[in-house]
Amino acid sequence: MELTEVKFWDDYWANTKLPSTIDPDFSYDRCLAHALKKNLSGLSGEVLEVGCAPGKWQTFMAKEFGLKPSGIEYSEAGMNATLRNFKLLGLESGFIRAGDFFQIKPDRRFDVVMSFGFIEHFTDVDEVVELHLRWLKPGGVLVLGIPNFCGINYFLQRILDKGLLDKHNLNIMNLDYFAHLTNRFNLKPIFLDYIGSFEPALPISKPRIENPLQFMVKSFIWVGRRVRRIKMFDLLNNRLFSSYILAIYKKDENN
């Protein structure tokens, strides 16, 4: 079952600032980009991103590894933002399609399939991962990333906007779930861990402060944004406070 609706994403992407590229001063971008560069090598061919708007990470994979970017985006507004982003950056794209990932028949396969912040919006996540693998060539690389709304991030988000938690499957926000995928789908793990350290941008608040506790949390986050400019904190990671889980696998050559 899907935990978000297309209107949610249309509204989200409608006014996206473009062009969108990796910002090394933004701790989340910096940490994810570093982990990808460190753990991916020898890539070639094409990359497909599921939930690709606005094309930031496709652009990164194209520039860093020379992969031709393709993507599937649920939201029409998100797809348009992605295409505008590529045009502004002078990047040639491949397969870009708007529609329901569950309804689009895999009619080709890619060397790399990835999604960041996608699979946690569903209840039957194994099914979603299996669909990712149908688009992936034998021996290809699967990259999955999700936010970690457990530990301190759960309590901060619950105070700021509890409703946002309902749009995420919290049950998969642990390393055990991603270890389970290796056996479930006969995948070879390349990397599986928490990254991002504490990320002040992860807890999202409503526009207006509704009580003193929210004010205290937003003040804490304001301080956190300044502290996270110090890159040495990127290396401090733990399930209780890290903002992200990244899993990288190699698909079996015979599948």
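Residues numbered from 1 in each chain as written. Predicted model: local features only at pLDDT ≥ 70, side-chain atom pairs only at ≥ 80, totals over all residues. Heavy atoms only, no water.

Caption draft 1: Layout of the packing of helix H2 (residues 27-39) against helix H3 (residues 56-65). Where H2 meets H3, the axes come as close as 12 Å, and the angle between the chain directions of the two elements is 40 degrees. One element, H2, and the other, H3, form an angle in the oblique class. As H2 runs across H3, the sense of the crossing is right-handed. Each of Tyr 28, Asp 29, Leu 32, Ala 33, Leu 36 and Lys 37 in H2 lies in contact with H3, whose residues at this interface are Lys 56, Trp 57, Phe 60, Glu 64 and Phe 65. When the residues that make up the contact of H2 with H3 are grouped by side-chain class, the tally is 7 nonpolar, no polar and 4 charged. (Axes fitted to C-alpha atoms, helices over the stretch in contact; angles between N-to-C directions. Helix = DSSP H or I, 4+ residues; strand = E, 2+ residues; numbered from the N terminus. Parallel < 35°, antiparallel > 145°, perpendicular 65-115°, else oblique. Left-handed = near helix turned anticlockwise from the far one by under 90°. Contact = heavy atoms within 4.5 Å. Nonpolar A, V, L, I, M, F, W, Y, C, P; charged D, E, K, R; others polar.)

Caption draft 2: View of the layout of surface pockets. A volume near 300 Å³ is recorded for the second largest pocket. Elements with a minimum of two residues in the lining of the second largest pocket: H2 and strand E6 (187-195). Looking at the lining of the second largest pocket element by element, the count peaks at 6 residues for H2. Partitioning the lining of the second largest pocket into residue classes produces 6 nonpolar, 4 polar and 5 charged. (1 Å grid on protein atoms, 1.4 Å probe; cavity = no way out; pocket = protein on both sides within 12 Å on 5 of 7 lines; lining within 4 Å. Points joined across faces, edges and corners; volume = space filled by probe spheres on them.)

Caption draft 3: Layout of the packing of aromatic side chains. Tallied over the full model, the rule gives 16 aromatic pairs. Taking the centre distance of 5.6 Å and the plane angle of 50 degrees together, the rings of Phe 95 and Trp 135 count as tilted. With a gap of 40 residues between them, Phe 95 in the loop between helix H4 (76-89) and strand E3 (96-98) and Trp 135 in the loop between helix H5 (125-134) and strand E5 (136-147) connect regions that are remote in the sequence. Note on accessibility: Phe 95 and Trp 135 belong to one class, buried. Ring geometry for Phe 101 and Phe 102: centres 6.1 Å apart, planes at 65 degrees, overall edge-to-face. Residue Phe 101 is classed as buried on the basis of its relative accessible area of 4%. Ring pairing ties together the aromatic residues Phe 26, Tyr 28, Trp 57, Phe 60, Phe 65, Phe 116 and Tyr 244, which thus form one cluster. (Phe/Tyr/Trp six-rings, centres within 6.5 Å; stacked < 30°, edge-to-face > 60°. Buried < 20%, exposed > 50% of the residue type's maximum accessible area, 1.4 Å probe, protein only.)

Caption draft 4: Focus on the pattern of salt bridges. Using the criterion set out here, one finds 10 salt bridges in the structure. Two residues, Asp 111 and Lys 137, come together in a salt bridge whose shortest N-O distance is 3.3 Å. Residue Asp 111 is located in strand E4 (residues 110-116), and its partner Lys 137 is located in strand E5; the two are separated by 26 residues in the primary sequence. Among the residues examined, Lys 137 registers a relative accessible area of 32% and is labelled partly exposed. Of the charged contacts in the structure, one is a salt bridge between Arg 228 and Asp 234, with a shortest N-O distance of 2.8 Å. On the accessibility criterion, Asp 234 (14% relative accessible area) is buried. (Salt bridge = Lys/Arg side-chain N within 4 Å of Asp/Glu carboxyl O.)

Caption draft 5: How the structure looks around the pairing of strand E2 (residues 68-73). With 5 of 6 residues buried, E2 is to be regarded as a mostly interior element. When strand E1 (residues 46-50) meets E2, the two strands line up parallel, connected through 5 bridges. Directly across from Val 47, in E2, lies its bridge partner Pro 69. The pairing of E2 with E3 spans 3 bridges and is classified as parallel. When the bridges of E3 are listed, Gly 71 appears paired with Ile 96. (Pairing = 2+ DSSP bridges.)

Caption draft 6: Main features of the environment of Ser 27. You can see Ser 27 is positioned in helix H2. In the structure, Ser 27 is positioned 125 residues away from Ile 152 in sequence and 18 Å away in space, judged by C-alpha atoms. Excluding residues within four positions of it along the chain, Ser 27 makes contact with Glu 199 and Arg 228. Reaching out from Ser 27, the side chain makes a polar contact with the side chain of Glu 199 at a distance of 2.5 Å. (Polar contact = N/O pair within 3.5 Å; in protein donor to acceptor, adjacent residues only side chain to side chain.)

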